[in-house]
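Now for the letters of each chain:
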Amino acid sequence: MIAKAVYIRDISPGQTIQDYFLLAEARTGTSRNGPYWSLMLQDATGQMEAKIWSPLSLAHPGLSAGQLVQVRAQAANYRDKCQLTIDQLTEVDVAEADLAEFLPPSPVDPEALLAQVEELCRRELTHKPWRGLMKKILADPEVRGRLLPATGAKAVHHAYAGGLLEHTLAVARTCLALADLYPHLDRQILLVAALLHDLGKAWELTSGLSHEYTDEGRLLGHIQLGLTRIEPFLAKAKDLDEGLALHLRHLIISHHGEYEFGAPKRPKTPEAFILHFADNIDAKMNTMAGAYAELEGTDQGWTPFQRYLDRYLYRAPHTPEAPATGFGLLGGKDAKDAADKKPAAKPQDIDERFLLLPLGSD
């Protein structure tokens with residue numbers, strides 16, 4: 001078993017390092033001096049870009065994502081990020097490694113996340129056909145086997161084992177919170193669609209050392225794959241109204257929002273808009289959390305340029321929490337007294353401009 005000593009989170013410009021890493025990405029390019037490799041090295045603590053310049057690049061023609069390698073490299077600052085220049089590389093047998101050293105850990109155990117999804121269905125789904133549909137889908141051995149290790153994306157957000165379940169649960173909870181704010185929404189179908197909207201990603205990407213696209217992932221994409229997987233369950237749900245089943249299909253097929261973002265159809269119901277925005281919110285928040293995590297332990301206020309967000313991010317100071325003393329302007333007892341004196345809202349007090357209403361057709 002190989003012994004790993006240097007972790008990506010601890011590498012800083014000026015260091016010379018020698019250790020083992022996973023190739024998360026491997027792409028070739030050509031410069032004035034000849035062909036080169038552009039690599040993304042990974043271990044359990046993060047990822048870092050690395051380059052192999054010519055002529056050393058010619059000695060390694062077959063590098064690919066998912067390989068384990070031992071490298072000797074120099075760390076330097078490049079465009080506000082630490083980058084490695086490799087001067088020695090040796091390919092390593094995966095069987096010699098403890099894979100936990102090279103894969104980012106899930107913040108929460110995937111089994112616990114799946115249990116939370118099932119509990120959410122039991123608590124929220126009162127319509128018997130919806131409850132029965134979700135129970136059968138989540139109990140299916142193939143679905144469970146695919147869901148537990150699945151990542152939320154290849155690289156952008158929730159890109160770790162259990163990431164798909166984490167994202168799914170967050171989107172579902174966001175949808176339910178918005179349904180509380182807009183009570184005319186169909187809360188039941190929103191929950192079902194949120195739990196199924198990215199199901200196809202469990203077949204779109206591989207699990208294990210590398211998260212690569214499968215053949216069907218490249219040819220069809222996760223939206224079509226997800227619909228294909230749930231269709232047999234919908235066909236057997238004889239007690240489910242066909243209109244509801246059609247609406248569910250629309251929610252799933254339109255959740256990317258716009259054609260340029262890969263949506264075969266744009267949202268055409270209030271629930272479809274809610275699902276699209278909830279999905280987008282959670283993906284962006286997870287991406288930003290990863291960017292801010294790189295600043296931990298530093299006094300930097302700005303992140304490096306975030307390619308997927310097309311901008312730098314600022315780490316703004318947080319408003320301090322006021323102590324609950326029971327005194328002060330609307331603090332403690334004053335706040336409670338003010339709340340007690342405030343008259344209850346009447347239905348006619350609601351400003352209808354803020355209700356989410358169906359929009360026009362395309």
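Treat the numbers as computed from the prediction; the structure is a model and nothing was measured.

Chemist: In this structure, what is going on with the sheet that holds strand E4 (residues 68–78)? I would like to understand it.
Modeler: Pairing between the strands of a sheet comes from backbone hydrogen bonds, and it takes one of two forms, parallel or antiparallel. Ordered in space as E1-E2-E3-E5-E4, the 5 strands form a closed barrel in which the pairing is mixed. Sheet twist, expressed as the mean angle between neighbouring strand axes with direction ignored, is 45°. Both strand E3 (residues 46–52) and strand E5 (residues 81–92) contribute to a ladder of 2 bridges, which runs parallel. Looking across to E5, one finds that Ala-50 is bridged to Leu-84.

Chemist: Is there a simple way to explain the environment of Lys-4 in this structure?
Modeler: Following the sequence through the fold, Lys-4 ends up in the segment before strand E1 (16–31). Relative accessible area serves as the criterion here: at 12%, Lys-4 is assigned to the buried category. Linking Lys-4 and Ala-97, residues 93 residues apart in sequence, is a C-alpha distance of 9.1 Å. Contact partners of Lys-4, with chain neighbours within four places excluded, come to Asp-19, Tyr-20, Phe-21, Asp-43, Glu-101 and Phe-102. Here the side chain of Lys-4 touches Tyr-20 through a polar contact of 2.6 Å, landing on its backbone oxygen.

Chemist: Before we go on, may I ask you to explain the packing of helix H1 (residues 110–124) against helix H2 (residues 128–139) in this structure?
Modeler: Describing two packed helices takes the angle between their axes plus the distance from one axis to the other. Contact geometry for H1 and H2: axes closest at 10 Å, N-to-C directions at 165°. If you check the angle between H1 and H2, you find them roughly antiparallel. The element H1 and its partner H2 pack so that their crossing is left-handed. Here Leu-114, Val-117, Glu-118, Cys-121 and Arg-122 of H1 lie close against H2, whose contacting residues are Arg-131, Met-134 and Leu-138.

Chemist: What is the right way to look at the packing of aromatic side chains in this model?
Modeler: Across all of its chains, the model carries 4 aromatic pairs by this definition. Where Phe-305 meets Tyr-312, the ring centres are 5.3 Å apart and the plane angle is 75°; that geometry is what we call edge-to-face. The ring of Tyr-7 carries the charged tip of Arg-9 above its face, separated from the ring centre by 6.0 Å. Just above the ring of Tyr-308 sits the side chain of Arg-307; from NZ or CZ to the centre is 4.7 Å.

Chemist: Could you clarify how one ought to interpret empty space enclosed by the protein in this entry?
Modeler: The method is simple in principle: a probe with the dimensions of a water molecule rolls over the atoms, and the space it marks as empty is what remains. The tally for this structure, following the rule as stated, stands at 1 cavity of 30 Å³ or more. Looking at the largest cavity, its volume works out to about 60 Å³. What lines the largest cavity is simply Val-117, Met-134, Ile-137, Leu-138, Val-143, Leu-147, Leu-165, Thr-168, Leu-195, Leu-196 and Leu-199. Sorting the residues of the lining of the largest cavity by element identifies H2, helix H3 (141–147), helix H4 (163–181) and helix H5 (187–196) as the ones contributing at least two each.

Chemist: What am I meant to see in the nonpolar core here?
Modeler: Across soluble globular proteins, you tend to see nonpolar side chains buried next to one another. With 51 residues, the main nonpolar core has Leu-196, Ile-230 and Leu-248 as its most contacted residues. With residues up to four places along the chain from it excluded, the contact list for Ile-230 reads Ile-137, Leu-196, Leu-199, Leu-248 and Ile-252. Listed in part, the 20 residues of the second largest apolar core include Ile-17, Ile-52, Val-69 and Val-71.

Chemist: Would you mind going over the pairing of E4 with me for this structure?
Modeler: Sheet faces and side chains relate simply in a regular strand, where the side chains alternate between the two faces. Here 7 bridges tie E1 to E4, and the two strands are oriented antiparallel to one another. Within the sheet, the bridge partner assigned to Phe-21 lies in E4 and is Val-69. In terms of strand pairing, E4 meets E5 through 11 bridges, oriented antiparallel. Residue pairing for E5: Val-69 is matched across the bridge by Glu-91.

Chemist: Is there a simple way to explain the pairing of strand E2 (residues 34–43) in this structure?
Modeler: In terms of burial, E2 is a largely internal element, 9 of the 10 residues being buried. The sheet contact formed by E1 and E2 spans 9 bridges and is antiparallel. Considered in E2, the bridge of Arg-27 is made with Ser-38. A loop of 2 residues connects E1 with E2, the two strands running antiparallel in sequence. The sheet contact formed by E2 and E3 spans 7 bridges and is antiparallel. The residue bridging Trp-37 from the neighbouring strand is Ile-52, located in E3. Following E2, the chain reverses through 2 residues before pairing antiparallel with E3.

Chemist: I would appreciate a short explanation of a nonpolar patch on the surface in the present structure.
Modeler: Taken together, the side chains of Trp-302, Phe-305, Tyr-312 and Tyr-314 define a hydrophobic patch exposed on the protein surface, amounting to about 460 Å² of accessible area. Mapping Trp-302 onto the fold places it in the loop between helix H10 (270–293) and helix H11 (333–341).

The rules behind each value
Counting restarts for each chain, with residues numbered from 1 along the sequence as it is written. Side-chain atom pairs in this predicted model are given and counted only at pLDDT of 80 or more, local residue features only at pLDDT of at least 70, and totals for whole chains, interfaces and linings cover all residues. Side-chain numbers come from the whole structure's heavy atoms, not from hydrogens or water. For two strands to count as paired, DSSP must find a minimum of two bridges between them. Here a helix means four or more residues in a row that DSSP labels H or I, a strand means two or more in a row labelled E, and each is numbered from the N terminus. Lines fitted to the C-alpha atoms define the axes, with helices restricted to the stretch that makes contact. Angles between their N-to-C directions range from 0 to 180 degrees. The buried label applies to any residue whose accessible area, calculated with a 1.4 Å probe on protein chains only, is under 20% of its type's maximum; exposed applies above 50%, and partly exposed to all values in between. Here, residues are in contact when the closest pair of their heavy atoms is within 4.5 Å. N or O atoms within 3.5 Å of each other form a polar contact, as long as, within protein, one can give a hydrogen and the other can take it, and as long as residues adjacent in sequence are counted only when both atoms are side-chain atoms. Each angle receives one of four descriptions, namely roughly parallel if under 35 degrees, roughly antiparallel if over 145, roughly perpendicular if within 65 to 115, and oblique otherwise. Take the far helix as the reference: if the near one is turned anticlockwise from it by less than a right angle, the crossing is left-handed, and if turned clockwise, right-handed. Only the six-membered ring of Trp is used, alongside the rings of Phe and Tyr, when aromatic pairs are assigned; centres must lie within 6.5 Å, and planes under 30 degrees apart are stacked while those over 60 apart are edge-to-face, with the rest tilted. Whether a charge lies above a ring is judged from NZ of Lys or CZ of Arg, which has to be within 6 Å of the ring centre and within 35 degrees of the ring normal. Only protein atoms enter the 1 Å grid, on which a cavity is a set of points fitting a 1.4 Å probe that cannot get out and a pocket is an open set with protein on both sides within 12 Å along at least 5 of 7 lines, lining residues being those with an atom within 4 Å of a point. Grid points are joined across faces, edges and corners, and a volume is the space filled by probe spheres set on the points. Nonpolar cores were defined as sets of buried Ala, Val, Leu, Ile, Met, Phe, Trp, Tyr and Cys residues, with membership established by side-chain atoms within 4.5 Å. Like-charged residues within 9 Å of one another, or nonpolar side chains (Val, Leu, Ile, Met, Phe, Trp, Tyr) within 5 Å, are grouped into patches, provided each residue has over 30% relative accessible area and no salt bridge. To be clear on the numbers: accessible area is Shrake-Rupley with a 1.4 Å probe, and residue cover counts the displayed protein chains and nothing else. Salt bridge, as used here, is a side-chain nitrogen of Lys or Arg placed within 4 Å of a carboxyl oxygen of Asp or Glu.

Function cannot be inferred from these measures alone, as they are strictly geometric.
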